[in-house]
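Read off the chains here:
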Amino acid sequence: MKYSEVGKPAQQVDTAGKENKMNVPNHVAIILDGNGRWAKAKGMPRSYGHVKGCANLETICDDMKALGVKYLTVYAFSTENWKRSKEEVDGLMKLFRNYLKKCIKISEKNKMCVRVIGDIHAFDSDIQESIQRLEEYSKDFTELHFQIALNYGGRDEITRGIRRLAQDVKDGKIAPEAISEELVEGYWDTAGLPDPDLLIRTSGEQRLSNFLPWQLAYTEFYFTPVAWPDFNREELVKAIEKYNERDRRYGGVKEE
Ligand code: IPE
Ligand code: IPE
Ligand code: MG
C-alpha cells in the first residue's frame, strides 16, 4: 500500500469494475455485530463502538442504494439485548432517539421507505412516536426499503403472530383449514416483504441470535471477521461476490 493510501476511507476504494459484473441480491439482511469488541480493541468504551456502528448504518444505506439492493434489513437491538448493563442500554436508547430523528432526512435523501420490525411497545413513548413519524414520513418512498429490527426476536415475532392468528380463528375470521404458509407469513412483522437473499453477520460469530428464523429458511449466509464499524462498501462487494458463487437450489436439482 502506498503511504498516500494509509488512512484513506475505504469507501473511496474503487470497486466499480467488480460491481458492474455482480448479480446483486434483492434483499440483504445484516446482523450488525462487534461494536463493543471493536471499541475495546481500541481501548475505548463499548458505547464508542455503538456510536461508530450507528454512523456506519448511514453509509451502508447509501452503498446499498448505489449497488441496486432494493431491500435492506438490519438487526440493531434484540429482545435479549435488554440483559446488558443499564449504562449500555441507556446509551443505545439515546443513540436510537437521535438516529430515528436523523433518519427522516436520510430517508428523504435516499428516497427510502423505513419500517421498524420488533415489539416497539417496550420502548419509551417518545421513541415509539419517532418510529411512527419516520414510518409515516417515508412510507411512499420506493428506491430502498429499509427495515430496522429493534427489540426484535424471531421467537417473539412468531409468538406475537400466533397470538393474533389464534384470536382471528377464535373470532371466526379464519378457518383452521385455511391456515397456510402464505397466511401465517402475513402475521409476522415482515408481512409483505420478500425473504432475504443474503444474510451477512459481522465480527466472526456464526449464529443467528434469534434473527429472522422463518424468513432466512433459504437465505445464503456470509460470515466475516470484520467488525460492524469497519464494514464498508469494499466488504459489502466481497460479500456479494461470494453470494454470486452460490448455487441456490431450493431443494431441487440443478439442470445439467
Ligand atoms: C452489536 O454489537 C450491537 C448490538 C447488539 C446492540 P455488540 O454490542 O454485540 O458488540 P460485541 O459483539 O459485544 O462486540
Ligand atoms: C445479535 O448480536 C443482536 C444484534 C446484533 C442486535 P448479539 O451480540 O446480541 O448476539 P450474541 O449474544 O453474540 O448471540
Ligand atoms: Mg455482539
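Since the structure is predicted, the reported quantities are computational estimates derived from the model, not experimental observations.

For the rest of this paragraph, the subject is the site of ligand 1. Around ligand 1 sit 13 residues, and of these Leu 32, Asp 33, Arg 37, Arg 46 and Arg 84 come closest. Take Asn 35: an N or O atom from its main chain is 3.2 Å from an oxygen atom of ligand 1. Between ligand 1 and Arg 37 there is a distance of 2.7 Å, counted from an oxygen atom to a backbone nitrogen or oxygen. Starting from 380 Å² of accessible surface for ligand 1 in isolation, the protein chains cover 88%. Of all the secondary-structure elements, those providing two or more residues to the shell around ligand 1 are α2 (35–41), α3 (46–67) and α4 (86–110). Taken together, the residues of the shell around ligand 1 sort by class into 3 nonpolar, 5 polar and 5 charged.

Scored by pLDDT, the protein chain has a mean of 94; 95% of the residues are at 70 or more. Across residues 1–11 the pLDDT falls below 50, and counting only partners more than four positions away or on other chains, this stretch makes 6 contacts in the model.

Along the polypeptide, Glu 58 turns up in helix α3. Separated by 41 residues in the primary sequence, Glu 58 and Tyr 99 place their C-alpha atoms 9.4 Å from one another. Once residues lying within four places of it in the same chain are set aside, the contact partners of Glu 58 are Lys 102, Ile 106 and Lys 109.

Moving on to helix α6 (residues 154–170). The end-to-end C-alpha distance of α6 is 24 Å, a good match for the 24 Å that 17 residues give at a rise of 1.5 Å each. Gly 154, Glu 157, Arg 160, Gly 161, Leu 165 and Asp 168 are the residues of α6 that are buried. Each buried residue of α6 lies within a common arc of 135° when the element is viewed along its axis, so the set occupies one face. Those residues of α6 that are exposed and aimed more than 90 degrees away from the buried face are Arg 155, Arg 163 and Lys 170. Positioned one or two residues after α6, Gly 172 has a phi angle of 80°, which is positive.

Moving on, we come to the sheet that holds strand β2 (residues 71–78). Overall, parallel pairing links the 6 strands, which are arranged β3-β4-β2-β1-β5-β6 in an open sheet. Where the open sheet ends on each side, the last strands, each with one partner, are β3 (112–117) and β6 (220–223). For this sheet, the mean angle separating the axes of adjacent strands, direction not counted, is 20°. One ladder, built from 4 bridges, connects strand β1 (residues 27–31) with strand β5 (residues 198–201); its direction is parallel. Bridge assignment links Ile 31 to a residue of β5, and that residue is Arg 201. Lying on the sheet, α4 is in contact with β2, β3 and β4 (144–152); it crosses β3 at an angle near 155°. Of the strands in this sheet, β5 and β6 are in contact with helix α8 (residues 233–245), which crosses β5 at around 135°.

Let's shift gears to unusual backbone geometry. Leave glycine aside and you will find that most residues have negative phi; peptide bonds, for their part, are mostly trans. Notably, Ser 203 is not glycine yet its phi reads approximately 75°, a positive angle. If you trace the backbone, Ser 203 turns up in the loop between β5 and β6. On the basis of relative accessibility, which here comes to 11%, the residue Ser 203 falls in the buried class. One non-glycine residue, Asn 210, lies in positive phi territory at about 75°. Taking the relative accessible area as the measure of exposure, Asn 210 reaches 19% and is therefore buried.

A few words on the site of ligand 2. Residues in contact with ligand 2, as listed here, are Ile 31, Leu 32, Asp 33, Tyr 75, Ala 76, Phe 77, Ser 78, Asn 81, Arg 84, Arg 201, Arg 207 and Ser 209. Here an oxygen atom of ligand 2 sits 3.2 Å away from a polar atom, N or O, in the side chain of Arg 84. Separating an oxygen atom of ligand 2 from a side-chain N or O atom of Arg 207 is a distance of 2.8 Å. Its free accessible area being 390 Å², ligand 2 has 78% of it covered by the protein chains. Ranked by residue count, the leading element in the shell around ligand 2 is β2, at 4 residues.

Each value, and the rule that gives it
Residues numbered from 1 in each chain as written. Chains lettered and ligands numbered in written order. Predicted model: local features only at pLDDT ≥ 70, side-chain atom pairs only at ≥ 80, totals over all residues. Heavy atoms only, no water. Near = heavy atom within 4 Å. Polar contact = N/O pair within 3.5 Å; in protein donor to acceptor, adjacent residues only side chain to side chain. Areas by Shrake-Rupley, 256 points an atom, 1.4 Å probe, with all protein chains shown as cover. Helix = DSSP H or I, 4+ residues; strand = E, 2+ residues; numbered from the N terminus. Nonpolar A, V, L, I, M, F, W, Y, C, P; charged D, E, K, R; others polar. pLDDT = per-residue confidence, 0-100. Contact = heavy atoms within 4.5 Å. Expected span 1.5 Å × (residues − 1). Buried < 20%, exposed > 50% of the residue type's maximum accessible area, 1.4 Å probe, protein only. Arc of directions from axis to C-beta. Pairing = 2+ DSSP bridges. Axes fitted to C-alpha atoms, helices over the stretch in contact; angles between N-to-C directions.

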